[in-house]
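# Analysis of the macromolecular model
So you can see what is in the structure, the chains are spelled out below.
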Amino acid sequence: MAALGSPARTLRGLLRELRYMNEAMGRSYRDTAAYRYLVKAFRAHRVTSEKLCRAQHELHFQAATYLCLLRSIREHVALHQEFHGKGERSVEESAGLVGLKLPQQPGGKGWEP
């Protein structure tokens with residue numbers, strides 16, 4: 001992680017990932033305990049009256065790290081579903097995957113098994 005960005009951007013990213021997870025289960029993300037915790041934690045650690053506090057930066061760093069984890073897990077699952085093997089393939093299917101065609105066996109006398 002090179003730069004953290006703004007805390008609001010990190011919160012929006014976390015809520016987006018929360019929304020992706022809950023859409024898969026078919027329920028609203030605003031009804032979850034995770035949503036309430038995130039909003040409460042970010043509101044409690046915001047900077048007020050030009051005061052710079054270490055706890056606010058620590059929370060932001062942890063939130064950005066967690067956002068990276070959630071995003072990486074979601075992308076990993078998508079890649080896994082797309083490229084996961086589907087068991088044993090025939091020779092023709094394997095050749096087709098890499099853009100090759102197997103030669104046709106000529107029919108006729110003497111070529112029958």
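Residues numbered from 1 in each chain as written. Predicted model: local features only at pLDDT ≥ 70, side-chain atom pairs only at ≥ 80, totals over all residues. Heavy atoms only, no water.

To keep things clear, this is the line we draw: UniProt positions are given in the numbering used here, feature names are shortened, and annotations may be inferred rather than shown by experiment.
If you check an unreviewed UniProt entry, the protein chain appears there as Protein FMC1 homolog from Leptonychotes weddellii. For the protein chain, the Function (unreviewed entry) comment in UniProt is given as "Plays a role in the assembly/stability of the mitochondrial membrane ATP synthase (F(1)F(0) ATP synthase or Complex V)." UniProt annotates the protein chain under Sequence similarities (unreviewed entry) with the comment "Belongs to the FMC1 family."

## A short note on the overall build of the protein chain
For clarity, the cut-off: Here a strand is any run of E in DSSP of at least two residues, a helix any run of H or I of at least four, and the numbering for each starts at the N terminus. Each residue is placed in one exposure class: buried if its accessible area under a 1.4 Å probe, protein chains only, is under 20% of its type's maximum, exposed if it is over 50%, and partly exposed if it falls in between. Should any heavy atoms of two residues lie within 4.5 Å, those residues are considered in contact. Residue-level accessible areas treat just the shown protein chains as cover; the underlying method is Shrake-Rupley with a 1.4 Å probe.
A count of helical and extended segments in the protein chain gives four helices and zero strands. Considering the protein chain as a whole, with its 113 residues, one finds that 20% of them fall into the buried category. Put simply, of all contacts in the protein chain between residues at least 6 apart along the chain, 55% involve residues at least 24 apart. Looking at the protein chain as shown, the accessible area adds up to about 9,600 Å², and 56% of this sits on carbon and sulfur atoms.

## Some points on the pattern of salt bridges
What counts here: Should a side-chain nitrogen of Lys or Arg be within 4 Å of a carboxyl oxygen of Asp or Glu, the pair is scored as a salt bridge.
According to the stated counting rule, one finds two salt bridges in the structure shown. Measuring nitrogen to oxygen at the nearest pair gives 3.8 Å for the salt bridge that ties Glu17 to Arg71. Placement of Glu17 in helix H1 (residues 7–25) and of Arg71 in helix H3 (residues 54–83) is noted, with a sequence separation of 54 residues between them. Between Glu17 and Arg74 there is a salt bridge whose closest N-O contact spans 2.8 Å. Pair noted here: Glu17 is in helix H1 and Arg74 is in helix H3, with a separation of 57 residues, a long-range link. Linked by salt bridges that have partners in common, Glu17, Arg71 and Arg74 make up one network.

## Quick word on the packing of aromatic side chains
Short version of the rule: Two aromatic rings, drawn from Phe, Tyr or Trp (for Trp, its six-membered ring), form a pair once their centres lie within 6.5 Å of each other, and the interplanar angle then sorts them: stacked below 30 degrees, edge-to-face above 60, tilted otherwise. Think of it as a cone above the ring: NZ of Lys or CZ of Arg counts as a charge over the ring if it is within 6 Å of the ring centre and within 35 degrees of the ring normal.
Here the structure, examined in full by the defined rule, presents one aromatic pair. Arranged with centres 5.5 Å apart and planes meeting at 85°, the rings of Tyr29 and Tyr35 form a pair that is edge-to-face. Comparing Tyr29 with Tyr35 shows no difference in burial state: the two are buried. One residue, Arg19, lies across the ring of Tyr29, its end atom 5.3 Å from the ring centre.

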